[in-house]
Amino acid sequence: MRFWRPEEGRFEEAAPIRTSALSEHLRPSDLVPHTGSAGLAFAAAPQVGRLATLRIARTLLGYGLRVASRKLVGKYEAADAARELREIFERLGGLWVKMGQLIALRSDVLDPLFCEEMNRLQYRAIGFPPEESMRIIREELGEGRVEQLFETLNPVPFAAASISQVHLGRLRHPNVDVIVKVLRPGVRAVFERDFAVLRSFVAVARLIPKVRALRLEEALDELRRIIAEETDFRFEAANMRRMRKLLRDDKVLIPRVFREASTARILVSECVWGVMMADYIRVRATDPERVRRWCAENDVEPEEVGERLFSSYMRQLMEENFFHADLHPGNIILLRNGRFALIDLGSVGSVDRQFLGIYQGMLRALGNQDFAKAADLLLRICSNVRAGDLPQLRAELVRNYRDWAAKVHIDGLPYHERNVLSGSNAAGSVLARYGVAQSWDLMKLGRAWATMDASLNELFPDMNYIRLFRAYFAEASARRLRGMLRPGTIRDGLGNLVAQVSDYNMAIGQIVRNQAIVLQATASKVSRIGVILARGLKLGAALGMAMVGMTYLQQHHPALAESLGLETLNPLGTLPLPLISPLWWALLFGFGFLTLRALIRVQRELARRD
């Protein structure tokens, strides 16, 4: 392995000395040899200019036209179209891969073959030049800080992804091996460009009814969050610190973050020397006896690890509403004594609290085999449920849950037929037939289950989810009860009770205030209408008084009226009006004056209330 020694300004060939903060009794023996790099290819930062945007647009438009032409001539094949789109997304990389993975969640709307193809999306393992990594590290830490912090640092990355690449190094204090993750140069600008292009295509694609059913605008919101969080390592550092604290008593290790060496563009965390779950799966497929010996040597019971992984995920989701959202085999490291570590917390999830309460009740009902209740709760977190379809829809959901439960209890049945995803996919197919839309929160949890299934399938293929749901909720209730008996918890509980009463009071008060605002707004509208009417009547009264004055002059002072030209100005002058005495004209003019004054006062009062 080639290391850079900062203080000497030179590279050195040496085998890694594995110095880790990990306790010796948890460090397993090797299953596959460790290497300093994976022989990655390197490429310069992608272009962000207008030509790159045009190339993306041309690629996607070309794909759309090819699909449309094949449908017109009757040569369209869903599998071929899905494979071609997957290859396009992989070639574009970055945000497009993430968008494809989100689209794959909509198995309730899309062809299953299409979703299956999108689930195969993978990032191309192409790194960026080592000298670029070193430049970014020096820029972020400042001149001289690299030498102060690192004893050794390998400039050649050993892994790469769409967002970053990672290097192996060793800190001086503490003297432990670390993983140095470096943000890919220009990735933020590329993601913003791709997001703008993607948003334009979604706006056009929504004109198609079937695409509109995907509710891609919600997927865009999710992508916007991903861009913000995954291109700023401060989010991941905060996630790691929080998850490390939450899982401290759960026998799950989260690597320590070294804040003094981490910034928005680089993340330095403890290197956990263990066996990657992906390597475990790969070796097990080719040399199961070797894996069996490794498990015996390191006191690893695969089924126990599978149960612990399941319980940890349930605890993250149900009790903390803060869960690792990407538990694929590359993010799980196996340790001794059935322990494991979780890495890469750039993708964490949380869901709406009200949704979580209903989802929790649904899983508890499945554990108790109360399928009618599970169906009712599922429908509560869906939309577009038609009242006329409800009895038949509910009956079909119950029947699907019963069929799934029957498979769960069959020994030797393949894992993919008994896992949570098979049950939720069957329920999703029923919902799709009735035009019922599933929420994106439900889809996000489905993706989390799907990524974790790749490991559970290898660790515990005979997993009985009904038994595990029941066991988890029993443990969670006992844990909650123990926590409630602690003095601090009782004090906090009373405080929460007072806070809830205050919140309800505030909520009810808000409702009353909202109604008052609505009433006030209604009164304000009436006042504005009254002001307009008063103005009109005031103008009419003024004109009436003017005509009364002109008619009086025409009847009693005709010479003056003729000199003023009132014959053409006064509409009443041409009418055969009887001769009225000056006293009646004075009374009539006085009545008009009082009316005008009253209207002026009404207008002012209504304007003040408005």
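Residues numbered from 1 in each chain as written. Predicted model: local features only at pLDDT ≥ 70, side-chain atom pairs only at ≥ 80, totals over all residues. Heavy atoms only, no water.

Draft legend 1. Molecular detail of the pattern of salt bridges. Enumeration according to the criterion identifies 29 salt bridges in this entry. One salt bridge in this structure joins Arg265 and Glu140, with 3.3 Å as the shortest N-O distance. With Arg265 in the loop between strand 9 (252–253) and strand 10 (266–270) and Glu140 in helix 5 (residues 130–141), this residue pair connects regions lying 125 residues apart in the sequence. Between Asp441 and Lys444 there is a salt bridge, with the nearest N and O atoms lying 3.6 Å from each other. (Salt bridge = Lys/Arg side-chain N within 4 Å of Asp/Glu carboxyl O. Helix = DSSP H or I, 4+ residues; strand = E, 2+ residues; numbered from the N terminus.)

Draft legend 2. Local environment of the environment of Gly590. Summarising the element assignment, Gly590 is placed in helix 23 (residues 582–609). Take Gly590: its relative accessible area is 27%, and that puts it in the partly exposed class. For the pair Gly590 and Met545, spaced 45 residues apart in sequence, the C-alpha separation works out to 9.0 Å. (Buried < 20%, exposed > 50% of the residue type's maximum accessible area, 1.4 Å probe, protein only.)

Draft legend 3. Examining the pairing of strand 10 more closely. Counted residue by residue, strand 10 has five buried out of five residues, so it is predominantly covered. In the sheet, strand 8 (residues 177–183) pairs with strand 10 via five bridges, with the strands oriented antiparallel. Across the sheet, Lys181 pairs through a bridge with Leu267, a residue of strand 10. (Pairing = 2+ DSSP bridges.)

Draft legend 4. Representation of a positive patch on the surface in the model. The grouping of Arg241, Arg244, Lys245, Arg248, Arg256 and Arg259 at the surface amounts to a positive patch. Tracing the sequence through the fold places Lys245 in helix 10 (residues 233–246). (Patch = residues over 30% accessible without salt bridge, like charges linked within 9 Å, V, L, I, M, F, W, Y side chains within 5 Å. Areas by Shrake-Rupley, 256 points an atom, 1.4 Å probe, with all protein chains shown as cover. Lys, Arg positive; Asp, Glu negative; His and termini not counted. Charge placed at Lys NZ, Arg CZ, Asp CG, Glu CD.)

Draft legend 5. Spotlight on the side chain of Thr263. Turning to its location among the elements, Thr263 is positioned in the loop between strand 9 and strand 10. At a separation of 2.6 Å, a polar atom in the side chain of Thr263 contacts the side chain of Glu140. Apart from the residues within four sequence positions on either side, Thr263 is in contact with Glu140, Leu141, Phe233 and Arg234. (Polar contact = N/O pair within 3.5 Å; in protein donor to acceptor, adjacent residues only side chain to side chain. Contact = heavy atoms within 4.5 Å.)

Draft legend 6. Here's a closer look at the packing of helix 7 (residues 187–205) against helix 9 (residues 216–230). Here helix 7 crosses helix 9 at 175 degrees, and the two axes come no closer than 11 Å. On the basis of their axis angle, the class for helix 7 and helix 9 is roughly antiparallel. Judged by residue contacts, Phe191, Glu192, Phe195, Leu198, Arg199 and Val202 of helix 7 engage Leu216, Leu220, Leu223, Arg224 and Ile227 from helix 9. Its residues assigned to classes, the contact of helix 7 with helix 9 comprises eight nonpolar, no polar and three charged. (Axes fitted to C-alpha atoms, helices over the stretch in contact; angles between N-to-C directions. Parallel < 35°, antiparallel > 145°, perpendicular 65-115°, else oblique. Nonpolar A, V, L, I, M, F, W, Y, C, P; charged D, E, K, R; others polar.)

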